[in-house]
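Each chain, written out:
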2 protein chains.
Amino acid sequence: MKIALAQLNYHIANFEDNSKKIIDSIQKAKKGKADLVVFSELSVTGYYPNDLLEREEFVEKAEKTIHEIAAHCTGIAALVGGPSINDGQKGKQLHNSAWFLKEGKVSAIRHKTLLPTYDIFDEYRHFEPNNEFKLIEYKGEKLAVTICEDIWDEQPAATKFAKEKLYSVSPLEELNKLNPDIIINLSASPFSYNQENKRKDILAKNAKRYHLPIVYVNQTGANTELIFDGGSCFINAKGEISTELSYFKEDFQIINTKMPPVIKQPKTEVIGKIHKALILGIRDYFFKSNLHDAVLGLSGGIDSALVCALAVEALGAKHVRGILMPSVYSSDHSISDAVQLANNLNIKYDILKIQPMVDEFGKQLHPLFRGLVPGVAEENIQARTRGVLVMAVSNKFGSILLNTTNKSECAVGYGTLYGDMNGGLAVIADLYKTDVYKLSNYINREKEIIPQNSITKAPSAELRPDQKDTDSLPDYDTLDAILFKYIEQNQSPKEIIEAGFEEKTVTKISRMVNRNEYKRFQAAPILRISSKAFGFGRKMPIVARFS
Amino acid sequence: MKIALAQLNYHIANFEDNSKKIIDSIQKAKKGKADLVVFSELSVTGYYPNDLLEREEFVEKAEKTIHEIAAHCTGIAALVGGPSINDGQKGKQLHNSAWFLKEGKVSAIRHKTLLPTYDIFDEYRHFEPNNEFKLIEYKGEKLAVTICEDIWDEQPAATKFAKEKLYSVSPLEELNKLNPDIIINLSASPFSYNQENKRKDILAKNAKRYHLPIVYVNQTGANTELIFDGGSCFINAKGEISTELSYFKEDFQIINTKMPPVIKQPKTEVIGKIHKALILGIRDYFFKSNLHDAVLGLSGGIDSALVCALAVEALGAKHVRGILMPSVYSSDHSISDAVQLANNLNIKYDILKIQPMVDEFGKQLHPLFRGLVPGVAEENIQARTRGVLVMAVSNKFGSILLNTTNKSECAVGYGTLYGDMNGGLAVIADLYKTDVYKLSNYINREKEIIPQNSITKAPSAELRPDQKDTDSLPDYDTLDAILFKYIEQNQSPKEIIEAGFEEKTVTKISRMVNRNEYKRFQAAPILRISSKAFGFGRKMPIVARFS
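Cut-off values and rules
Residues numbered from 1 in each chain as written. Chains lettered and ligands numbered in written order. Predicted model: local features only at pLDDT ≥ 70, side-chain atom pairs only at ≥ 80, totals over all residues. Heavy atoms only, no water. Helix = DSSP H or I, 4+ residues; strand = E, 2+ residues; numbered from the N terminus. Rg over C-alpha atoms; globule rule 2.2 N^0.38 Å. Buried < 20%, exposed > 50% of the residue type's maximum accessible area, 1.4 Å probe, protein only. Contact = heavy atoms within 4.5 Å. Pairing = 2+ DSSP bridges. Axes fitted to C-alpha atoms, helices over the stretch in contact; angles between N-to-C directions. Least-squares fit on C-alpha atoms with pLDDT ≥ 70 in both. Right-handed = clockwise from strand over helix to strand, strands pointing away. 1 Å grid on protein atoms, 1.4 Å probe; cavity = no way out; pocket = protein on both sides within 12 Å on 5 of 7 lines; lining within 4 Å. Points joined across faces, edges and corners; volume = space filled by probe spheres on them. Nonpolar A, V, L, I, M, F, W, Y, C, P; charged D, E, K, R; others polar. Expected span 1.5 Å × (residues − 1). Parallel < 35°, antiparallel > 145°, perpendicular 65-115°, else oblique. Left-handed = near helix turned anticlockwise from the far one by under 90°. Buried area = accessible area lost by both parts, 1.4 Å probe. Salt bridge = Lys/Arg side-chain N within 4 Å of Asp/Glu carboxyl O. Polar contact = N/O pair within 3.5 Å; in protein donor to acceptor, adjacent residues only side chain to side chain. Disulfide = S-S within 2.5 Å. Core = buried A, V, L, I, M, F, W, Y, C linked by side-chain atoms within 4.5 Å. Phe/Tyr/Trp six-rings, centres within 6.5 Å; stacked < 30°, edge-to-face > 60°.

Peer 1: Explain the overall build of chain A to me, please; I cannot follow it from the model alone.
Peer 2: Looking only at helices and strands, chain A features 16 helices and 19 strands. The C-alpha atoms of chain A give a radius of gyration of 25 Å, which matches the 24 Å a tight globule of 547 residues would have. With the C-alpha coordinates aligned to their principal axes, the bounding extent of chain A is approximately 85 × 50 × 45 Å. The burial tally for chain A puts 65% of its 547 residues in the buried class. Look at the contacts in chain A between residues 6 or more apart in sequence, and 73% of them connect residues 24 or more apart.

Structure follows, in structure tokens:
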């Protein structure tokens, strides 16, 4: 059978654009004499529409769009992802379905069985799981149609605390009893830097276990926090990937399942993947919001320099504007490094003073603050004055403020709410500071874009004289190692101490993480590149006493 | 049998305090010669601990605490809510359980069957559902132990789009086959202003259907957004409530199931319930965070006046500080109304000017803004300057800034991010403006606390000359009616227009709601009093094109 793999970038709720893309791919597949074209999970709506799925008019529009697409399926069949109404008497009102379209109409529907409800996933909220297993017969072959998690019944446990088998049913085991010829999987599998390997392992394992080839179609593109890397593929019954589609962009391939073309994508190192992911994340956040211009504060430090370089790659130098806002505590190099960055990137920049406003704030607050020692309140006034300035530029020119917080700061609450925590999108808040260095060096791999001095100087918030991050935090190698164990690996402070870290430091850091949930609650959406990002994939109570 | 109903206020993850309260109630029940004392759902951990449930040390501590509590159960039995480890080979690692303690140890465990995953509920994320039905035999009686949602298998559909039966199993139907003598339900049922009636209907319906009495124990207190109203009760087999515990506070009653005492709580009108709920919500947010002082901006308008009055009731006049920050566009009454409010409430207030900072911001930005017409950017500078001032006071004195946004504003995005959207807790952001009026009049029911002029004058943000809310919005009666249909009832714009509202207005308002998800994403946590509050009970994608 000739099957087309259509790896597309969908926009949530944008039925017009999504269906146009899908129909274009159907035409292309027809021209290529394909028998079947496969799209990804919830392709009609984009992944994940969340509570829009509770709106009747949304679901009606999705269904109408699928029927319009079906009209184009003459001389070819298509598998399109979309919600479908649960016609049973009980349960959630929808299924997460694969619609099988042929001869101009809907020919069959198969529903997702395993609904992930962990980390960023929340599918039980909207969908009723499938509990009936049937193949689809087409042109003499029997297709086992599955949706994303359906092939992940046996996945590596997220923490050692979790069970190996998260689900009590194995859809592939059930479908295999019916003697299928091929497994087809419609996916929406978000990127994290170790996801590609996990995914390839699962695919190979399943192909080998059931001695069946697998057609795997993932989407690409980003929807707010979630970035989809694509990497759709065909795996033969021996578990070998013979055809692999591109990463981080749309792609289309027609394969003959008996003689699939050999296409391998070049291996990319982890930091290179993160680089591509973030650029796609920025680009889609802007373009899907119909906005084109970014503004950000440039401190001369490495975080803002990195975000600026990424933004220029994503949006173009003409569309990025830097604002330099030195204070009395800023060192000379704060300006010179930022100016050099702006020149290296060829972007427009402005220098604005904050001291006149900071002084006026101080004057107004003097009667209230008289006799009290200056401290965090005064430091925050500086950060917030900068926040007001960049937001004014953002409002005036319709540009989005990019937030430059990194994951280490975000974890320990080292940032000012309504100050440097401002922004429409937090670009690197899922990168630990040590990874910020790695990515900055990667960006400089051919020539110096980020000034070397921004990379080598000691990190500082510059909110008081001679302040250094290490005044209140351990060095970043130690901090990030502790944070990774605490956040990504969910280890207890006790375990981390047993692994060789100082008790005092571990206790302090874990408390800082817990105590700052209230700040993260109001943080900008964060581009997700790890297996555990702050945001809706990590839900922690604010008013809790956990230590 | 003599059963004690222990209705307590728990603090998430505060095992020490929670277990102390539980043990105290066990002692009290023993003194009252009760056979059994019943606590609420997840009483040991507090509801809802969310991803703390993914931390092994958290679950271990919960289990250890339950065993410590069990040691006190001599001569009495107790039903305590807490997580338990799923000892099966597959599935989520935990159950949401009722622990039956007697003779100094754990005697039985029963798990929750129906795990809600809608609105604010997310229990499938952490728990494996029960699928085995057994009674607990104790002192010659057979107890059907259920947890919260277990008795809600047939609930009024949230929207007409939803099915009547959300679940395919009915735990009560299953348990009833085993001939129980009584139903016991451990609950954590959050308040919304129509919840009490729904709850009493469900309880009566089940008691009558199965001809069984029900002991229903809910918790009280607030955990960030969620407010629990208590109202634990005993319902006889005819579906009549004979014993009803207090609302919005801890309570304890021992009943003889054959001859339960007749205690009825006075009927409270809806606005009175909302009033109590918000005060409890404020108080617990502060006290459970170990903080005592609040600060807020007083504009002279009704929203900040209402929040201020509520804060004084919750925290005491000494613990509330008002900051008046008039601008050149403020009317004279802005100051005089705010001063009168502060005097009525006997709180401390300060008047701070914003113009000097606003002027300095304008000066610094002049080279960038030259030749451009003043607009939203300049209006926002005023709101953000106020935001910096109140946050400085908050930081300096360790007080929490109360946010004064109402639900109508929050819905249409009529507020400035990092300006008047600032705050640690949004007190009235689940109250439509029309309800803000109702609650203000209620607060004034005995004497004028909120100045009458704040209630009667036309609402205005006062960010430009002679600005009125109605410049850009329909009158609040119309706006709120449309918003209620769109948000609470999930009606489509088409349906709302068919109900008699102007097409142009409905289209404009629904677009404003959809377009402002990005602002609400960064909003403060909102005290929930309705069936559909903004926040984690309403999950909408940011980068979507839905209209």
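Peer 1: Sorry if this is basic, but what is going on with the pairing of strand β10 (residues 220-223) of chain A here?
Peer 2: For a regular strand, the rule is simple: side chains alternate between the two faces of the sheet. Residues and elements named next belong to chain A. With burial as the criterion, each face of β10 is covered, one bearing Thr220 and Ala222 and the other bearing Gly221 and Asn223. Of the pairings in the sheet, the one linking β10 to strand β11 (residues 226-229) comprises 4 bridges and is antiparallel in character. The residue bridging Thr220 from the neighbouring strand is Asp229, located in β11. Counted along the chain from β10 to the antiparallel partner β11, the turn is 2 residues long, and its residue Thr224 has a positive phi close to 55°.

Peer 1: How should I be thinking about the sheet that holds strand β12 (residues 233-235) of chain B in this particular structure?
Peer 2: Residue and element names in this part refer to chain B. Strand order in this open sheet of 6 strands is β6-β7-β8-β9-β12-β13, and the pairing throughout is mixed. Of all strands in the sheet, those bounded by a partner on one side alone are β6 (136-138) and β13 (241-244). Going across the sheet, the axis of each strand differs from the next one's by a mean of 20°, ignoring polarity. With 3 bridges connecting them, β6 and strand β7 (residues 141-147) associate as antiparallel partners. Bridging from a neighbouring strand, Glu137 pairs with Lys142 of β7. Contacts between helix α4 (residues 195-210) and the sheet are confined to β9 (214-217), β12 and β13, with β9 contributing the most and set at about 155° to the helix.

Peer 1: Please clarify how the relation of the copies chain A and chain B should be interpreted in this entry.
Peer 2: Copy one and copy two of the chain differ by a rotation about a common axis and a shift along it. Taken as rigid bodies, chain A and chain B are interconverted by a rotation of 180° and an axial shift of 0.0 Å, the fit giving an RMSD of 0.0 Å. Both copies of the chain, as the preceding transformation shows, are related through a two-fold rotation axis. Closest approach to the rotation axis among the C-alpha atoms of chain A is made by Gln522 of chain A, whose C-alpha sits 2.1 Å away.

Peer 1: I would appreciate a short explanation of the pairing of strand β16 (residues 320-324) of chain B in the present structure.
Peer 2: All names here are of chain B. The element β16 is extensively covered by neighbouring structure, given that 5 of its 5 residues are classed as buried. Residues Val320, Gly322 and Leu324 point to one face of β16 and Arg321 and Ile323 to the other, with burial holding for every one of them. Alignment of strand β15 (residues 294-297) against β16, held across 4 bridges, turns out to be parallel. Residue pairing in the sheet places Gly297 in a bridge with Ile323 of β16. Handedness of the β15-helix α6 (residues 302-315)-β16 crossover: right-handed. Where β16 meets strand β17 (residues 348-351), 4 bridges bridge the pair, whose relative direction is parallel.

Peer 1: I would appreciate a short explanation of empty space enclosed by the protein in the present structure.
Peer 2: Empty pockets left among the atoms are what a rolling probe the size of a water molecule brings to light. Residues and elements named next belong to chain B. One pass over the full model with this rule turns up 13 cavities of 30 Å³ or more. By volume, the second largest cavity is sized at about 80 Å³. Lining the second largest cavity we find Thr405, Glu409, Cys410, Gly413, Tyr414, Gly415, Asp420, Met421, Asn516, Lys519 and Arg520. Contributions of two or more residues to the lining of the second largest cavity are made by α10 (407-412) and α16 (517-521). Broken down by class, the residue content of the lining of the second largest cavity amounts to 3 nonpolar, 4 polar and 4 charged.

Peer 1: Could you clarify how one ought to interpret helix α4 (residues 195-210) of chain A in this entry?
Peer 2: Two residues of an α-helix separated by three or four positions point the same way, owing to the 3.6 residues in each turn. All names here are of chain A. With 16 residues, α4 ought to run about 22 Å at 1.5 Å a step, and its terminal C-alpha atoms sit 23 Å apart, in line with that. When we look at burial in α4, the residues that qualify are Gln195, Glu196, Arg199, Ile202, Leu203, Ala204, Asn206, Ala207 and Tyr210. As for α4, its buried residues are in contact with α3 (171-176), β9 (214-217), β11, β12 (233-235), β13 (241-244) and α5 (270-288). Immediately downstream of α4, the backbone of His211 shows phi near 50°, a positive value.

Peer 1: Looking at this model, I keep getting lost on the packing of helix α1 (residues 15-31) of chain B against helix α2 (residues 56-70) of chain B. Mind explaining?
Peer 2: Angle between the axes and distance between the axes: these two values describe a pair of packed helices. All names here are of chain B. Running from amino to carboxyl end, α1 crosses α2 at an angle of 20°, the nearest separation of the two axes being 10 Å. It follows from the interaxial angle that α1 and α2 lie roughly parallel. The element α1 and its partner α2 pack so that their crossing is right-handed. On α2, the residues that touch Phe15, Glu16, Ser19, Ile22, Ile23 and Ile26 of α1 are Phe58, Lys61, Ala62, Thr65 and Ile69. Residues of the contact of α1 with α2, tallied by class, amount to 7 nonpolar, 2 polar and 2 charged.

Peer 1: I tried to follow the interface of chain A and chain B on my own but got confused; where do I start?
Peer 2: The extent of an interface is frequently quoted as the accessible surface area lost upon association of the parts. Chain A puts 107 residues into the contact, and the matching count from chain B is 107 residues. Across the chain A/chain B interface, buried area totals approximately 9400 Å², and carbon plus sulfur atoms make up 60% of it. Of all residues in chain A, Phe161, Val543 and Arg545 of chain A give up the largest surface area on contact with chain B, accounting jointly for 9% of the area buried on that side. Linking chain A to chain B there are 4 salt bridges. We note a salt bridge from Asp122 of chain A to Lys539 of chain B, for which the minimum N-O separation is 2.9 Å. Taken together, the connections running from chain A to chain B amount to 45 residue pairs in polar contact (both at pLDDT 80 or more). Going through the elements one at a time, α2 (56-70), α5, β16 (320-324), α8 (355-369) and α9 (376-397) of chain A are the ones with two or more residues in the side of chain A that touches chain B. If one sorts the elements of the side of chain A that touches chain B by residue count, α9 of chain A sits on top with 14 residues. Of the residues assigned to the side of chain A that touches chain B, the class counts are 52 nonpolar, 27 polar and 28 charged.

Peer 1: What exactly am I supposed to notice about the state of the cysteines here?
Peer 2: Any covalent bond linking the sulfur atoms of two cysteines counts as a disulfide. Residue and element names in this part refer to chain A. Taken as a whole, this structure holds 0 disulfides over all chains when the rule is applied. The thiol of Cys148 is unpaired, and the distance to the nearest cysteine sulfur, on Cys233, comes to 12 Å. For Cys148, a relative accessible area of 8% gives the class buried.

Peer 1: Help me understand the nonpolar core, please; the structure alone is not making it clear to me.
Peer 2: Side chains that are nonpolar tend, in soluble globular proteins, to be buried together. Counting 143 residues, the largest nonpolar core has Phe39 of chain A together with Phe39 of chain B as its most contacted members. For Phe39 of chain A, the contacting residues outside a window of four places in its chain are Ala6, Leu8, Tyr10, Ile22, Ser25, Ile26, Ala78, Leu79, Val80, Leu186 and Val217 of chain A. Leu278, Leu306, Leu345 and Ile529 of chain B belong to the second-largest nonpolar core, a separate cluster that totals 54 residues.

Peer 1: Is there a simple way to explain the environment of Glu360 of chain A in this structure?
Peer 2: As for its position among the elements, Glu360 of chain A is in helix α8. What makes Glu360 of chain A buried here is its relative accessible area of 14%. The contact partners of Glu360 of chain A, leaving out residues within four places of it in the chain, are Pro356, Met357 and Glu360 of chain B.

Peer 1: Teacher, can you tell me more about helix α13 (residues 476-488) of chain B here?
Peer 2: Residues and elements named next belong to chain B. Turning to α13, its buried residues are Tyr476, Leu479, Asp480, Ile482, Leu483, Lys485, Tyr486, Ile487 and Glu488. For α13, the side-chain oxygen to backbone nitrogen distance between the N-cap and Asp477 is 3.2 Å, and the N-cap itself is Asp475. Looking one or two residues past α13, Asn490 carries a phi angle of roughly 55°, positive in sign.

Peer 1: What am I meant to see in the packing of aromatic side chains here?
Peer 2: Any two aromatic rings considered together are summarised by their centre-to-centre distance and by the angle between their planes. For the coordinates displayed, the defined rule picks out 20 aromatic pairs over all chains. Their ring planes at 55° and their centres at 5.2 Å tell us that Phe15 of chain A and Phe58 of chain A sit as a pair that is tilted. Of the two residues, Phe15 of chain A sits in helix α1 (residues 15-31) while Phe58 of chain A sits in helix α2, which places them 43 residues apart along the sequence. Ring centres of Tyr47 of chain B and Tyr48 of chain B lie 4.9 Å apart, and the angle between their planes is 55°; this geometry places the pair in the tilted category.

Peer 1: Whenever I open this one, the sheet that holds strand β18 (residues 400-403) of chain A confuses me. Can you help?
Peer 2: Consider a sheet: its strands pair through backbone hydrogen bonds, and that pairing is either parallel or antiparallel. All names here are of chain A. If you walk across this open sheet you meet the 5 strands as β17-β16-β15-β18-β19, and the pairing is parallel. Strand pairing shows two members of the sheet lacking a second neighbour, β17 (348-351) and β19 (425-426), which therefore form its edges. Here α9 sits on the sheet in contact with β15 (294-297), β16 and β18, set at roughly 170° to β15.

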